[in-house]
Amino acid sequence: MTDEGGVTGGNASGGSTPGGGGFAGAVAAEWTKLWTVRAASVCLVAGALLMGVFTFYYGAIARINDHPVQPVGNAPVAAAVLVQFVVVVLAMTTVTSEYATAAVRATLLWVPVRHRVELAKAVVTAAVACVAGVLFGVLGTAVAWASFEGRATFDTATVLGQVVLLGCYLGLVAALTVGVSFALRTPAAVLTVLFLLLYGVPTVLVGLGGEMLRAVNDHLPHGAGTHAMLADDAPYPPVVGFLIVAGWAAAGHLVGREVLRRRDA
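Residues numbered from 1 in each chain as written. Predicted model: local features only at pLDDT ≥ 70, side-chain atom pairs only at ≥ 80, totals over all residues. Heavy atoms only, no water.

1. What to know about the overall build of the protein
Okay, step 1: Summing up its helical and strand segments, the protein has ten helices and two strands in all.
Okay, step 2: Sequence-ordered secondary structure for the protein, helices as α and strands as β, is α-α-β-α-α-α-β-α-α-α-α-α.
Okay, step 3: Over its C-alpha trace the protein gives a radius of gyration of 20 Å, about what one expects of a compact globule, namely 18 Å for 265 residues.
Okay, step 4: Over its C-alpha atoms, taken along the principal directions, the protein stretches across nearly 75 × 40 × 30 Å.
Okay, step 5: Taken over 265 residues, the protein has a buried fraction of 43%.
Okay, step 6: Considering only contacts within the protein whose residues lie at least 6 apart along the sequence, 77% involve residues at least 24 apart.
Okay, step 7: When the accessible surface of the protein is totalled, it reaches about 12700 Å², and 70% of it is carbon and sulfur.
Okay, step 8: If you average the places of the 14 positive and of the 14 negative side-chain charges in the protein, the two averages end up 11 Å apart. (Helix = DSSP H or I, 4+ residues; strand = E, 2+ residues; numbered from the N terminus. Rg over C-alpha atoms; globule rule 2.2 N^0.38 Å. Buried < 20%, exposed > 50% of the residue type's maximum accessible area, 1.4 Å probe, protein only. Contact = heavy atoms within 4.5 Å. Areas by Shrake-Rupley, 256 points an atom, 1.4 Å probe, with all protein chains shown as cover. Lys, Arg positive; Asp, Glu negative; His and termini not counted. Charge placed at Lys NZ, Arg CZ, Asp CG, Glu CD.)

Encoded structure:
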């Protein structure tokens, strides 16, 4: 019996291979693999350090330059422009490291339904990124509050909303990264594409200015996610901003799934 990915199963008597653990088993396997390598812990520690340094700097600059009083949660939201790349590296390595060592062949033998492998990796990394994002947000809010020294407001509902939305945004970035990683397979290519998509192109568009270029940026992942987290004067409601980010994540997942289905490991 041949599955959709081209892996042949069967036993000595000619019967079909048992279904195994299904999707839950694939998720459990990916969870175990994630925490057996050092990259995950290193990325999370790096994310916490980046968040702390960035939000302290953000609050200090606002205080020194006498910026208008703003919600304290704006600081960790602004830090997402850097912290998101920690999530990118974490999610990317779950895929590219297996291609680099040919371990992906064993993964596809254990879970021969190929799209299940990709979905399991996306679910695990998105969940870890979401929880980490919430914790990063709490840390960033605390550091920024001390750094602002009175140049910020603290509204519990607003802070909780921004912290939770930060976690959701980083979770979607992780899911997008997994899809792109299956499509491109090498760290250099994945990092290049995601750096351009999440930072390079938006920076150019904002720098050049103009209503049309701003509109394009509003529909890129980071621009849409930032609008949603800040609930600012975007041309659409916050929920639409997150739907745009989710659309990018879904598109990345579908492209990665198609490449995984068509190409040999």
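Now that the structure is up, let's keep going.
2. Topic: the packing of helix α6 (residues 156–184) against helix α9 (residues 221–230)
Okay, step 1: Running from amino to carboxyl end, α6 crosses α9 at an angle of 160 degrees, the nearest separation of the two axes being 9 Å. Judged by the inter-axis angle, α6 sits roughly antiparallel to α9. Crossing angle aside, the handedness with which α6 passes α9 is right-handed. Between α6 and α9, the residues in contact are Gln162, Leu165, Leu166 and Tyr169 and Pro221, His222, Gly225, Ala228, Met229 and Leu230, respectively.
Okay, step 2: A breakdown of the residues in the contact of α6 with α9 according to their chemical character gives seven nonpolar, three polar and no charged. (Axes fitted to C-alpha atoms, helices over the stretch in contact; angles between N-to-C directions. Parallel < 35°, antiparallel > 145°, perpendicular 65-115°, else oblique. Left-handed = near helix turned anticlockwise from the far one by under 90°. Nonpolar A, V, L, I, M, F, W, Y, C, P; charged D, E, K, R; others polar.)

3. As for the confidence of the model for the protein
Okay, step 1: Of all residues in the protein, 92% attain a pLDDT of 70 or more, and the chain-wide mean is 90.
Okay, step 2: This model gives residues 1–18 a pLDDT under 50, and the stretch forms 24 contacts once residues within four places in sequence are excluded. (pLDDT = per-residue confidence, 0-100.)

4. What about the packing of aromatic side chains?
Okay, step 1: Inspection of every chain in the model, using the stated rule, returns seven aromatic pairs.
Okay, step 2: Ring geometry for Tyr58 against Phe148: centres 6.1 Å apart, planes inclined by 85 degrees, an arrangement best described as edge-to-face. You can see Tyr58 sitting in helix α2 (residues 38–64) and its partner Phe148 sitting in helix α5 (residues 114–148), a full 90 residues away along the chain.
Okay, step 3: With a relative accessible area of 24%, Tyr58 lands in the partly exposed category.
Okay, step 4: Plain terms: the ring middles of Tyr99 and Phe182 are 6.3 Å apart, the flat faces sit at 80 degrees to each other, and that makes the pair edge-to-face. Of this pair, Tyr99 sits in helix α3 (residues 74–101) while Phe182 sits in helix α6, and the two are 83 residues apart along the sequence.
Okay, step 5: What makes Tyr99 buried here is its relative accessible area of 14%.
Okay, step 6: Look at Phe182 and you get buried, because its relative accessible area is 1%.
Okay, step 7: One aromatic cluster is present, formed by Phe54, Tyr58 and Phe148 through successive ring pairs. (Phe/Tyr/Trp six-rings, centres within 6.5 Å; stacked < 30°, edge-to-face > 60°.)

5. Considerations on helix α1 (residues 22–35)
Okay, step 1: Counted at 1.5 Å a residue, the expected span for α1 with its 14 residues is 20 Å, and the 21 Å between its end C-alpha atoms agrees.
Okay, step 2: When we look at burial in α1, the residues that qualify are Ala26, Glu30 and Leu34. The arc enclosing the buried residues of α1, seen along the axis, measures out at 70 degrees, which places them on a common side.
Okay, step 3: On the buried face of α1, the contacting elements are α2, α3, α4 (103–110) and α5. (Expected span 1.5 Å × (residues − 1). Arc of directions from axis to C-beta.)

6. Topic: the environment of Val104
Okay, step 1: The topology assignment puts Val104 in helix α4.
Okay, step 2: Residue classification places Val104 among the buried positions, given a relative accessible area of 2%.
Okay, step 3: In sequence terms Val104 and Leu90 are 14 residues apart; their C-alpha atoms lie 17 Å from each other.

7. Examining unusual backbone geometry
Okay, step 1: You will see that Glu149, though not glycine, has its phi angle at about 50 degrees, which is positive.
Okay, step 2: For Glu149, the position within the fold is in the loop between α5 and β2 (152–153).
Okay, step 3: Look at Ala231: it is not a glycine, yet its phi comes out positive at around 50 degrees.
Okay, step 4: Assignment of secondary structure puts Ala231 in the loop between α9 and α10 (238–262).
Okay, step 5: You can call Ala231 exposed: its relative accessible area is 52%.

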